[in-house]
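An overview of the molecular structure
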Amino acid sequence: MAVAAPPNARAQSDDELILEVVRDLVREKVAPRAAAIDEHGEFARDIYKLFAESDLLGIPFPAEHGGLGLSFLTYVKVVEEVSKACASSGLMIAVQELGALPIIIAGSEAQKAKYLPKLASGEYIAAYALTEAGSGSDAAGSMRTRAEKKGDTYVLNGSKIWITQGNVADVICVFAVTDPEKGPNGISAFVVEKTSPGFIVGKLEKKMGIRGSPTCELIFENCVIPAENLLGEEGTGFKTAMKVLDKSRPGIAAQAIGIAQGALDYAANYAMERVAFGKPIAQQQGLQFMFADMKAEVEAARLLLYEAARKCDESAPDLTLWAAMAKLKCGDTAMRVTTDAVQILGGFGYSTEYPVERMMRDAKITQIYEGTQQIQRMVIARSVVGKRKT
């Protein structure tokens, strides 16, 4: 008689199978390209195509809309695995999820049927446009991009900055003010296609890290989109944006922990081969203490990330808190561990011929985007002592 498998057996099997495939792809295809992707600062379409053909972009997408429908925990593990070798490549998977989340969360069935299958397959590249020159952390209070309804269309005017993949995206979820008198409740979300009249790609940023992930300005000059591209009801856009961040912050935390693990692995291998004072430097107690701290920090951060991912799978009421804690801890850990990895390699660590300097540059952004570390601390503190009443 057959023994029934436990309820989570399929999930565990899928998780292990996907990760095995990802490790092979990273070792054979991604890692050999990482240095060149960084050096040339270009969106690696060959890597994106590889991810699409391997169904990695569709992992967190609902199965009924063309995705694999796997757990959020599997998704963050995949982002982590890719980011060990190339943070820019890991971001391709994370931003595809980020750009699709407003549609998954607030889209109508017609909108989901129209966009999600093409995003899950990789036919369409996604982007997410919230930040403006005067509204970074204060997205609700300082947003200036306007959307005015005219008949069966909306006309958008304004600009967004720091938009990841904005210049290569086919579909961009854009947030704009529809009623300036209502504050956060006057912000709405829209799907904008790159072919929309009045949609312009502006300045491309030159960045310290994640150079293989393009970041640009988007300009809307009387940009006309169909009224049916409104996501949800007017005035619900800011609530949608906050729900998106709850599920996108763990993706950035996964990128961060991947960077940290990649740097730790490389530094450890180097230290076991590098000989000084008659023995491998890994046997020097001073460095052993550094490795002990690095290992402990990475494992603690990873546990926090995986718990946040489980909260995403459960749609837990305290998801906002866990997403903020994971993003905070993993981002700080990435910066600390990569800095120590550079120190362990000494002069070689400062050279572009070795990957740890790239990892250190890549790590910094994980403390900034998807909400700065200061914002994460505010979110966490409010869960402890409440929000100040005015």
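With respect to the helices, strands and loops of the structure, Gln367 is situated in the loop between α11 (355-365) and α12 (373-385). Of the residues examined, Gln367 reaches a relative accessible area of 13% and is grouped as buried. As a C-alpha pair, Gln367 and Leu319 span 48 residues in sequence and 19 Å in three-dimensional space. Setting aside its immediate chain neighbours within four residues, Gln367 contacts Lys327, Gly331, Asp332, Met335, Thr372 and Gln373.

Before going further, it helps to spend a moment on helix α9 (residues 285-314). Counting along an α-helix, one turn takes 3.6 residues, and residues three or four places apart therefore face a common direction. The end-to-end C-alpha distance of α9 is 44 Å, a good match for the 44 Å that 30 residues give at a rise of 1.5 Å each. In the stretch just after α9, Ser315 is the one whose phi turns positive, near 50°.

As enumerated under the stated definition, the model contains 23 salt bridges in all. Asp38 is the salt-bridge partner of Arg361, the closest N and O atoms lying 2.9 Å from each other. Placement of Arg361 in helix α11 and of Asp38 in helix α2 (residues 34-40) is noted, with a sequence separation of 323 residues between them. The two residues Arg361 and Asp38 agree in class, both being buried. Arg336 is the partner of Glu297 in a salt bridge, and the nearest nitrogen-oxygen pair spans 3.1 Å. One end of the pair, Glu297, is in helix α9; the other, Arg336, is in helix α10 (residues 319-345), and 39 residues separate them in sequence.

This brings us to the packing of aromatic side chains. Tallied over the full model, the rule gives eight aromatic pairs. Each member of the aromatic cluster is reached from another via a ring pair, and the members are Tyr266, Tyr270, Phe348 and Tyr354. Looking at Lys77, its charged tip hangs above the ring of Tyr306, at a distance of 5.2 Å from the centre.

The class for Arg361 is buried, based on a relative accessible area of 14%. Leave out the neighbours within four places in its chain, and Arg361 touches Asp38, Met208, Gly209 and Arg211.

Between helix α5 (residues 87-106) and helix α6 (residues 109-121), the shortest axis-to-axis distance is 10 Å and the interhelical angle comes to 160°. The angle between α5 and α6 falls in the class roughly antiparallel. With respect to the hand of their crossing, α5 and α6 are arranged in left-handed fashion. Contacts from Gln96, Ala100, Ile103, Ile104 and Ala106 in α5 reach Gln111, Lys112, Tyr115, Leu116 and Leu119 in α6.

Right, let's talk about the nonpolar core for a bit. With 95 residues, the main nonpolar core has Phe51, Val76, Ile93, Leu156 and Ile344 as its most contacted residues. The biggest single contributor to this core is helix α8 (residues 237-273), with 12 residues. When near neighbours in sequence (up to four residues on either side) are disregarded, Ile344 contacts Ala267, Tyr270, Ala271, Ile281, Leu287, Met290, Phe291 and Met294. Among the nonpolar cores identified, the runner-up in size contains 28 residues, and Ala120, Met143, Ile187 and Ala241 belong to it.

This part takes up the confidence of the model for the protein. Looking at the protein as a whole, its pLDDT mean stands at 94, while 96% of the residues score no less than 70. Counting interchain partners and residues more than four positions distant, the pLDDT-below-50 stretch residues 1-7 has zero contacts.

Criteria and thresholds
Note that residues are indexed from 1 along each chain, following the sequence as it is written. Only residues with pLDDT of at least 70 get local features here, since the model is predicted, and only at 80 or more are side-chain atom pairs given and counted; chain-wide, interface and lining totals rely on the full set of residues. Hydrogens are left out, water is left out, and the side-chain values use all remaining heavy atoms of the structure. Strands here mean DSSP runs of E at least two residues long; helices mean DSSP runs of H or I at least four residues long; both are numbered from the N terminus. Using a 1.4 Å probe on the protein chains alone, a residue whose accessible area is under 20% of its type maximum counts as buried, one over 50% counts as exposed, and one in between counts as partly exposed. Whether two residues touch is decided by their heavy atoms; if any such pair falls within 4.5 Å, the residues are in contact. Working rule for helices: expected span equals 1.5 Å times residues minus one. For salt bridges, the criterion is a side-chain nitrogen of Lys or Arg within 4 Å of an Asp or Glu carboxyl oxygen. Pairing of aromatic rings covers Phe, Tyr and Trp, the last counted by its six-membered ring, and requires centre-to-centre distances within 6.5 Å; plane angles under 30 degrees mean stacked, over 60 mean edge-to-face, and any other angle means tilted. Remark: a charge is flagged as sitting over a ring if the NZ atom of Lys or the CZ atom of Arg is within 6 Å of the ring centre and within 35 degrees of the ring normal. Every angle, taken between N-to-C directions, lies between 0 and 180 degrees, and every axis is a line fitted to C-alpha atoms, over only the stretch in contact when it is a helix. Any angle from 65 to 115 degrees is called roughly perpendicular, while one under 35 is roughly parallel, one over 145 is roughly antiparallel, and all others are oblique. Definitions for this section: a left-handed crossing has its near helix turned counterclockwise from the far helix by less than a right angle. A right-handed crossing has that turn clockwise. In these notes, a set of buried Ala, Val, Leu, Ile, Met, Phe, Trp, Tyr and Cys residues joined through side-chain atoms within 4.5 Å is what counts as a nonpolar core. The predictor attaches a confidence to each residue, and that confidence, scored 0 to 100, is pLDDT.

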